[in-house]
Each structure stands twice: as structure tokens, then as C-alpha cells.
Amino acid sequence: MLAIIGGSGLTRLANLDVSRREVVRTPFGDPSGALTFGRLGGAEVVFLARHGYGHTIPPHLVNYRANLWAIAKVAKADRIISVASVGGIRAHLGPGTLVVPHQIIDYTWGRSSTFFEGGESKVIHVDFTHPYDTALRGELIQIARIVGQTVIDGSVYAATQGPRLETAAEINRLEQDGVDIVGMTGMPEAVLARELEISYAALCVVANWAAGRADSSQGIHFESIEEVLHASLAQARLIIEGFCSS
Ligand code: HPA
């Protein structure tokens, strides 16, 4: 079973032939919404809107543990494709670009970021050298090419706390750290998937230039973000449908 977690602008999959919705309670609280099960292409998939179906849950308040637990233990998915919007920092990563990142730096704080809280269980340190599943990333990139969509293979994703956007100086610091794209939800989602031994890859849509860069030099303009997201998420949908039909 493949799970798709939709981010900003992707609260539903238009071509998903929905079979049922399941409201799930988990030991970690409530997920962002009901799990939506159905068929897409030839595949059984489960869809979850990260920010809720009405897009009401900000990045720092998403219950990542409940979401991942529901996907793993209720939907029994073994693969996740996460769709997320990001800001582009490097010159080749302008608005409208699709990116399949290969690395993460985590700048978030105060989020519940592990299932291993000690107590009765043994201390467990998961390996996270390569935070995204190499095979799943490769498949995603290959399918994108087959369906005629350009994606950037590899980049370093910074997970910032949000919900505010960054300052121009923070973006400069991120660039010095080796970051290419910046978003607010990649962590702890990726590590929780790893703890549950689910293959996880991300398809990121660059919605805007990061703060202080190019046409965001004087501020980030939300009107243009919506337009860009609309067009690029249509491309992301094509890739996901291609993936499910392959
Ligand atoms: N920064 C952080 N997260 C984002 C951005 C950004 O510029 N754009 C979309 N998500």
C-alpha cells in the first residue's frame, strides 16, 4: 500500500477513486484528518492531507506521530510519497521547480519527533544517514521523466519551525549550511517514517523564492505563490498518477 501525504494546495487527489474514509484515533492523538482510501491508476492508495482537509493545521501543530502511526498501523502502508511546498534558495530552484530532495537539515524545535520515548522500551537510535529512501526516490525521478515532467534529482531540504517565513539573514545562513530548499513540514515526518520502517520520499514544489532572494528581496508575495502552486501541483499530480499506474 502506498500512502500519499498532501501538503499546502494538495488537500485531495482529483483522480482518486475513493472507496472509503476512516477516522482513526491513535495512541498519540488524532491525525490531521480521516484516512482516504481508494484507487489511483492501478494502485491501492491512502491519502492524508497534512494540514487537514480544510487546511487549518499549521506546520508546528501537525500531529506528525498520529499521522505516521495511522498510515503505518491502520492503513498498513509501506511506502509514503510526501508532497510539500518549499521556498527556493539556489538560483536553479526558482518558483515552479519540482525537486526530489536527498538530504535534510532539521531546524525545528519542540515537536514530538520520536516514537521511542524510553520508559519500558529499550533506547533505540535509528540510522538516518540517508533520510529519504534511495529506491523510492529513484522510482519517483524515473516516473517523472517517463511522464515528461522535469524534476531536480537531489537537494538539501531545511525544515524550519514556522509558521512565520524566514528572515533574509536566516536564508543566508541556511545557504551557508548547504541548504537548497526550505519548508516547514519535512521533519519530523521523515524520521517518524524511518522509525516505523516505511520507505519515504518527498516531492517538493518550489512555491516562491526564499526570503531576500530574487523577487522576494523585499518580501514574499502570497498572490504569486497561489498561482505557482496551482500549476506545479498539477505537474506533481501527473507524476503521482504515473507512479501509481506503473
Ligand atoms: N519558507 C519555508 N517554508 C515554505 C516556504 C518558504 O519560503 N515556501 C513554502 N513553504
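Right above here is the structure, for reference.
Residues numbered from 1 in each chain as written. Predicted model: local features only at pLDDT ≥ 70, side-chain atom pairs only at ≥ 80, totals over all residues. Heavy atoms only, no water.

**Here's the deal with a nonpolar patch on the surface**
Among the surface-exposed residues, Ile146, Val147 and Leu238 lie close enough to one another that they form a single nonpolar patch of about 270 Å² accessible area. Mapped onto the fold, Ile146 is located in helix H2 (residues 134-146). A relative accessible area of 64% means that Ile146 is categorised as exposed. (Patch = residues over 30% accessible without salt bridge, like charges linked within 9 Å, V, L, I, M, F, W, Y side chains within 5 Å. Areas by Shrake-Rupley, 256 points an atom, 1.4 Å probe, with all protein chains shown as cover. Salt bridge = Lys/Arg side-chain N within 4 Å of Asp/Glu carboxyl O. Helix = DSSP H or I, 4+ residues; strand = E, 2+ residues; numbered from the N terminus. Buried < 20%, exposed > 50% of the residue type's maximum accessible area, 1.4 Å probe, protein only.)

**Considering the pairing of strand S1 (residues 2-6)**
With respect to burial, S1 is a largely interior element, five of its five residues being buried. Alternating residues of S1 divide into Leu2, Ile4 and Gly6 and Ala3 and Ile5, and every residue in both groups is buried. Looking at chain direction, S1 and strand S5 (residues 79-88) are connected through four bridges and run parallel. Its bridge partner lying in S5, Ile5 is registered against Ser82. (Pairing = 2+ DSSP bridges.)

**Remarks on the side chain of Thr97**
Topologically, Thr97 is positioned in the loop between S5 and strand S6 (98-100). A polar atom in the side chain of Thr97 sits 2.6 Å from the backbone oxygen of Gly94. Filtering out sequence-adjacent residues up to four positions away, Thr97 remains in contact with His92, Ile152, Cys204, Val205 and Val206. (Polar contact = N/O pair within 3.5 Å; in protein donor to acceptor, adjacent residues only side chain to side chain. Contact = heavy atoms within 4.5 Å.)

**Regarding the pattern of salt bridges**
Pairing between side chains becomes possible if they bear opposite charge and their charged atoms approach one another. As enumerated under the stated definition, the model contains 11 salt bridges in all. For the salt bridge of Glu44 with Arg39, the shortest nitrogen-to-oxygen distance reads 2.6 Å. Where Glu117 meets Arg65, a salt bridge forms, and the shortest distance between an N and an O atom there is 2.8 Å. Of this pair, Glu117 sits in the loop between strand S7 (103-106) and H2 while Arg65 sits in helix H1 (residues 64-74), placing them 52 residues apart in sequence. By relative accessible area, which is 54% here, Glu117 ends up exposed. A single salt-bridge network, built from bridges that share partners, covers Arg90, Glu175, Asp180 and Arg213.

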